[in-house]
Amino acid sequence: MMILDGKATSKAIQEEIKEIVAIRMASGQKRPHLAAVIVGDNPASRSYVGHKIKACEFVGFDSSLIELPENIRQDELIDEVQALNDDQAIDGFIVQLPLPDHIDAQAVLEAVAPEKDVDGFHPINAGKLSLGIPSYLPATPAGILEMLDRYAIETAGKHAVILGRSSIVGTPMALLLSRNASPGNCTVTICHSRTQNLAEITRTADILIAAIGKPHFVTSDMIKPGAVVIDVGINRIEDSTKKSGFRLTGDVDFDAVVESASAITPVPGGVGPMTIAMLLKNTLQART
Ligand code: NDP
């Protein structure tokens, strides 16, 4: 059984990016510059954005954090997005999700200039992905592909079952794994909250990807022996032994599933760090 170490893999990718930045700097080019917009005080969002900014520092990118109040109006937020679109110093930017309920997140994401949309959430980039045209790939599914690639996990001809159909994880993951590419060439099944006989389907998965946001949902009886298990979930569960009062756990019951999987990602330290590495990669691409 192999632990797919996203933390170490992300670090290796960040070292590679750092080297590219250093070479570019030596030839007089500009540093890539990523901006992140955060609205309100959601502690999980703050933590994710903090990690992204720290990673920028590590690889030698410039970064900007735009902190906006929870009660900002949608038109004001879109004005901020427009200002970033127009700012020549910024190569790419993200609007950290979720946004407060009074804001239509889709309208905000559509206001982002597609060429600066390093999260790959704009309909133009999502459309390009679905047509197989090169585009910014959404960071989480791209990170999973990269990890499968770096760990030399065969995907061609395999049955990949994806739990969750969100536009940022499940759906683009299905598109990427079904492409005629490497990694890719999987036969893909997408499951969601209305799927019947879920365990029967997951037991046929050579590669099982869980992205539903329910702690320990995937249990050992849902796994085919030897399956590759990718846990995207990040769930905060109470833990009085921790100073913070909580700990992070995935959608997979890791301790039970680890016995039958051939490879598995931990949480934390699996898909999460890979997501950050792919955001940096997109920003590097935005600068070229
Ligand atoms: P969403 O809430 O947008 O989507 C969840 C999906 O899971 C939906 O398609 C939903 O189905 C499906 N679902 C919910 N319950 C069940 C069930 N009982 N059986 C089968 N399917 C179910 O979540 P996201 O895709 O944004 O995120 C999923 C998880 O991944 C979260 O824990 C999130 O924190 C984490 N995440 C981690 C990232 C990382 O970097 N590691 C990045 C992004 C997300 P339906 O469509 O029918 O409602």
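Below or above, wherever it landed, is the structure these notes cover.

**Some words on the overall build of the chain**
Alright, step 1. If you tally the helices and strands in the chain, you get 10 helices and 11 strands.
Alright, step 2. Against the 2.2 N^0.38 benchmark of 19 Å for 288 residues, the chain shows a C-alpha radius of gyration of 19 Å, consistent with a compact globule.
Alright, step 3. Projected onto the principal axes, the alpha-carbon positions of the chain cover approximately 50 × 45 × 40 Å.
Alright, step 4. Per-residue burial for the chain yields a buried fraction of 48% across its 288 residues.

**Looking at unusual backbone geometry**
Alright, step 1. Ser-182 connects to Pro-183 through a cis peptide bond whose omega is -5°.
Alright, step 2. With respect to the secondary-structure elements, Pro-183 resides in the loop between α7 (170-178) and β6 (187-191).
Alright, step 3. With omega at -5°, the peptide bond leading from Val-267 into Pro-268 counts as cis.
Alright, step 4. With respect to the helices, strands and loops of the structure, Pro-268 is situated in the loop between β11 (263-264) and α10 (271-287).
Alright, step 5. Its identity is not glycine, yet Asn-185 carries a phi of approximately 55°, on the positive side.
Alright, step 6. Within the element layout of this structure, Asn-185 appears in the loop between α7 and β6.
Alright, step 7. Even without a glycine there, the phi angle at His-216 is positive, about 55°.
Alright, step 8. The topology assignment puts His-216 in the loop between β7 (207-210) and β8 (228-231).
Alright, step 9. When its relative accessible area of 34% is taken as the criterion, His-216 is described as partly exposed.

**What about a nonpolar patch on the surface?**
Alright, step 1. Judged by side-chain polarity, Tyr-48, Ile-234 and Leu-248 come together as a nonpolar surface patch covering roughly 220 Å² of accessible area.
Alright, step 2. Inspection of the secondary structure assignment puts Leu-248 in strand β10 (residues 246-249).
Alright, step 3. The exposure class assigned to Leu-248 is partly exposed, which follows from its relative accessible area of 33%.

**With respect to the site of the ligand**
Alright, step 1. Surrounding the ligand, one finds 20 residues, the nearest of these being Arg-165, Ser-166, Ser-193, Ile-234 and Thr-275.
Alright, step 2. A distance of 2.7 Å separates an oxygen atom of the ligand from a polar atom in the side chain of Arg-165.
Alright, step 3. Between the ligand and Ile-234 there is a distance of 3.0 Å, counted from an oxygen atom to a backbone nitrogen or oxygen.
Alright, step 4. In the complex, the protein chains occlude 71% of the 940 Å² of accessible area that the ligand would expose alone.
Alright, step 5. The biggest single contributor to the shell around the ligand is α10, with three residues.
Alright, step 6. Tallied by class, the residues present in the shell around the ligand amount to eight nonpolar, 10 polar and two charged.

About the thresholds
Residues numbered from 1 in each chain as written. Predicted model: local features only at pLDDT ≥ 70, side-chain atom pairs only at ≥ 80, totals over all residues. Heavy atoms only, no water. Helix = DSSP H or I, 4+ residues; strand = E, 2+ residues; numbered from the N terminus. Rg over C-alpha atoms; globule rule 2.2 N^0.38 Å. Buried < 20%, exposed > 50% of the residue type's maximum accessible area, 1.4 Å probe, protein only. Patch = residues over 30% accessible without salt bridge, like charges linked within 9 Å, V, L, I, M, F, W, Y side chains within 5 Å. Areas by Shrake-Rupley, 256 points an atom, 1.4 Å probe, with all protein chains shown as cover. Salt bridge = Lys/Arg side-chain N within 4 Å of Asp/Glu carboxyl O. Near = heavy atom within 4 Å. Polar contact = N/O pair within 3.5 Å; in protein donor to acceptor, adjacent residues only side chain to side chain. Nonpolar A, V, L, I, M, F, W, Y, C, P; charged D, E, K, R; others polar.

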